[in-house]
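Overview (structure and organization)
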Amino acid sequence: METTPARPGGAEVRQASESDLDIIVEQTWQVASEGRWIGAEVPFDRDARRERLASALADDYATVLVACIPGGADGSSMVGHIWVSIAPYGVADIGMLVVEAWRGRGIGRLLLESAIQWAADAGAHKMALEVWPHNEAAIRLYRSAGFVEEGRKVRHYRRRNGDLWDSVLMGRPLTGPS
Ligand SMILES: CC(C)(COP(=O)(O)OP(=O)(O)OC[C@H]1O[C@@H](n2cnc3c(N)ncnc32)[C@H](O)[C@@H]1OP(=O)(O)O)[C@@H](O)C(=O)NCCC(=O)NCCS
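Here's a quick rundown of the structure. (Residues numbered from 1 in each chain as written. Predicted model: local features only at pLDDT ≥ 70, side-chain atom pairs only at ≥ 80, totals over all residues. Heavy atoms only, no water.)

A look at the overall build of the protein chain
Secondary structure assignment for the protein chain yields four helices and seven strands. In the protein chain, the order of α-helices and β-strands from amino to carboxyl end is β-α-α-β-β-β-α-β-α-β-β. Reported as C-alpha extents along the three principal axes, the dimensions of the protein chain are approximately 45 × 45 × 30 Å. Sorting the 178 residues of the protein chain into buried and exposed places 41% on the buried side. (Helix = DSSP H or I, 4+ residues; strand = E, 2+ residues; numbered from the N terminus. Buried < 20%, exposed > 50% of the residue type's maximum accessible area, 1.4 Å probe, protein only.)

Here it is in structure tokens:
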């Protein structure tokens, strides 16, 4: 039997549109400012980031999904997003964030489940991501959604302060072996 994902706070997930991009970039800036969770570091080039998101919206093999809570000045407020991009060899890479005030309430799971569904419908055979080893919340979420650890890049990413960070590679099949 199919289960319906929980909708914390009445959250809805929908495909982003051009008019969402500024807020997505702003929320990415906020999370990047926390300095611990995502690859981006501040300051980054906001226009370049917006352009990359706009290209994803125009691409049949990529998308950005946003989670919105009903209410707010314009009728709903965005509290997180996930981007998905399917490589020509069929693997859907993802990256996601939830704004700090809304974490721990099921929004991340809702976004991830929606992205898995989108990627499967779009024909991907597998999902993949990279996560910092210290990001326990994210790793738990990914494991609980069926991702397994496939390896590690060691002292791979140089941060602005010169530190070299590892990343954990995780994957989740979307189809059986063939
Ligand atoms: C990682 C992130 C997306 C998770 O989203 P979220 O909305 O907070 O997560 P949810 O409330 O949907 O929780 C889903 C699962 O994640 C895990 N989780 C979430 N927060 C956790 C925490 N603080 N500690 C441990 N596990 C946690 C749990 O397994 C949880 O399932 P459970 O509630 O049944 O125990 C969110 O914390 C976030 O945006 N962090 C900053 C950006 C980031 O790390 N992005 C991912 C980069 S790889």
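Overview of helix H3 (residues 107-121)
With 15 residues, H3 extends 21 Å between its outermost C-alpha atoms, agreeing within 8% with the 21 Å of an ideal straight helix rising 1.5 Å per residue. Those residues of H3 lying buried are Ile107, Gly108, Leu110, Leu111, Leu112, Ser114, Ala115, Ile116, Trp118 and Ala119. Within two residues after H3, glycine 123 carries a phi angle of roughly 100°, on the positive side. (Expected span 1.5 Å × (residues − 1).)

Remarks on the pattern of salt bridges
Enumeration according to the criterion identifies ten salt bridges in this entry. Aspartate 22 is the partner of arginine 50 in a salt bridge, and the nearest nitrogen-oxygen pair spans 2.6 Å. Taken together, the positions of arginine 50 in helix H2 (residues 46-57) and aspartate 22 in helix H1 (residues 21-34) put the pair 28 residues apart, joining distant regions of the chain. Exposure remark for arginine 50: the relative accessible area of 23% places this residue in the partly exposed category. (Salt bridge = Lys/Arg side-chain N within 4 Å of Asp/Glu carboxyl O.)

Side note on helix H4 (residues 136-144)
One full turn of an α-helix is made of 3.6 residues, so residues set three or four places apart face in the same direction. Restricting attention to buried positions, one finds in H4 the residues Ala138, Ile139, Leu141 and Tyr142. All buried residues of H4 fall inside an arc of 160° around its axis, so they share one side. Turned more than 90 degrees off the buried face of H4, the exposed positions are Glu136, Ala137 and Arg140. Positioned one or two residues after H4, glycine 146 has a phi angle of 100°, which is positive. (Arc of directions from axis to C-beta.)

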